[in-house]
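Here are the chains, one letter per residue:
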Amino acid sequence: MNGHLINASLPTIARRRTPAGAAPGTLIADRDAIAPRVEVMAYSRDNVHTGQVDNITSLRDLIGNYAVIWIDVQGLGDVELIEALGETFDLHDLALEDVVNVHQRPKVEPFDDHLFIVSRMPVSTEEVQTEQLALFLGRNFVLTFQERHGDQFEPVRERVRRDGSRIRKAGADYLAYSLLDAIIDAYFPLLEKYGEYVEALEGNITARPAEMEIGRIHDVKRDLLSLRRTLWPLRETANALMRDDTSFFTERTRTYLRDSYDHTVQLMDALETYREVAFGLMELYLAVLGMRMNEIMKLLTIIATIFIPLGFVASLYGMNFDGSRSPWNMPELSWYFGYPFALTIMALIGVVLLVYFRIKGWLGGSTSAHAPHG
């Protein structure tokens, strides 16, 4: 793993596009929203229709001819289209307002004839970047609104196309479950990559800590916190759907929702584990740096300790005594072996000190049978 995994930015305060005092349900698209692409999958047990929709009239011709119709709107740049879909399926104005305001927290809101679900879907498995998915569940329809083109739902589409699949035999509630389950499962590879990154970062810190590790530790802590802010309400949403007493989900589908809830619990458990490791990385980093600094200081202290007596010997022989004045004024200065003798004394002092440090365990471990006492 490398440092390019961490690219997500901190959550910012949501920009409110609806003017203060505007009527509830007012739809104002974000100026950065992309043009929508509308895909439809209408199916029954024995047949299926797929394609893109250019106008609402062609869409209305499909309603009632199939057991389930799934309309997927990718892009929120056309408010008129969203309003037309709301009128066609009798969607609540407040729910439509939440569709275009893409800062919503994952939640479940029941209405008289449809259920409104908001979730956060990972854009990729390489970084913490999510988009809002707004889902409407009715008796025989599912509407999904995404911020951009591309999603995690291709496996669901393949199951719809396959003859004899379970999803073709079930109702719209099972389709809604399948979409939510695909979103939840998409977090597993993302979280696994972060787990691998945290482990690699821990190994790098232990082996060779560098200043750049501080920024990486901060990034991974920030991104895991962002993931927690997404997964925690997603778990509550799955729990609410599993325990919801409305008639939009059958008892059979609720059994599958329990499995999705278990997956969110697994995600949260793994996430909390990685967060604990990430929070400990800074302490590990400081501890490793402290140990390295202690080793450096110990080495410098040993070197200084060795050179102190050597400096004493050298300074002693550097004293200005005149041997001709007295036979006691450093007679070894006029000795034939005086210089080799001085070097030998200094070498012996260095060796004795190194052996002593070795025995005490201060230099490369202890050769003594007893633990060092300092």
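Reference entry: report on the structure contained in this document. Owing to the predicted nature of the structure, the values given are computational and were not obtained by experimental measurement.

Considering all chains together, one arrives at seven aromatic pairs under this definition. Centroid distance Phe89 to Phe141: 4.7 Å. Interplanar angle 45°. Geometry classified as tilted. With a gap of 52 residues between them, Phe89 in helix α2 (residues 79–89) and Phe141 in strand β7 (residues 141–146) connect regions that are remote in the sequence. Among the residues examined, Phe141 registers a relative accessible area of 8% and is labelled buried. Through a chain of ring-to-ring contacts, the aromatic side chains of Phe116, Phe136 and Phe145 assemble into a single cluster.

Looking at where Asp98 falls in the secondary structure, it is placed in helix α3 (residues 93–100). The class for Asp98 is buried, based on a relative accessible area of 12%. Along the backbone, Asp98 and Phe116 are 18 residues apart, and their C-alpha atoms lie at a distance of 9.8 Å.

Another aspect to go through is helix α4 (residues 154–161). Turning to α4, its buried residues are Val156, Arg157 and Val160. Projected down its long axis, α4 carries its buried residues within an arc of 100°, all on one side. Buried residues along α4 sit in contact with β1 (37–43), β2 (48–52), β3 (68–74), α5 (166–169) and α6 (172–207).

This part takes up the sheet that holds β3. What the seven strands build is an open sheet, ordered β2-β1-β3-β7-β6-β5-β4; its pairing is mixed. Strands with a single pairing partner mark the edges of an open sheet, and in this sheet they are β2 and β4 (107–110). This sheet shows a mean twist of 15° between the axes of neighbouring strands, independent of strand direction. Here β1 pairs with β2 via five bridges, running antiparallel.

Basis of the calculations
Residues numbered from 1 in each chain as written. Predicted model: local features only at pLDDT ≥ 70, side-chain atom pairs only at ≥ 80, totals over all residues. Heavy atoms only, no water. Phe/Tyr/Trp six-rings, centres within 6.5 Å; stacked < 30°, edge-to-face > 60°. Helix = DSSP H or I, 4+ residues; strand = E, 2+ residues; numbered from the N terminus. Buried < 20%, exposed > 50% of the residue type's maximum accessible area, 1.4 Å probe, protein only. Arc of directions from axis to C-beta. Contact = heavy atoms within 4.5 Å. Pairing = 2+ DSSP bridges. Axes fitted to C-alpha atoms, helices over the stretch in contact; angles between N-to-C directions.

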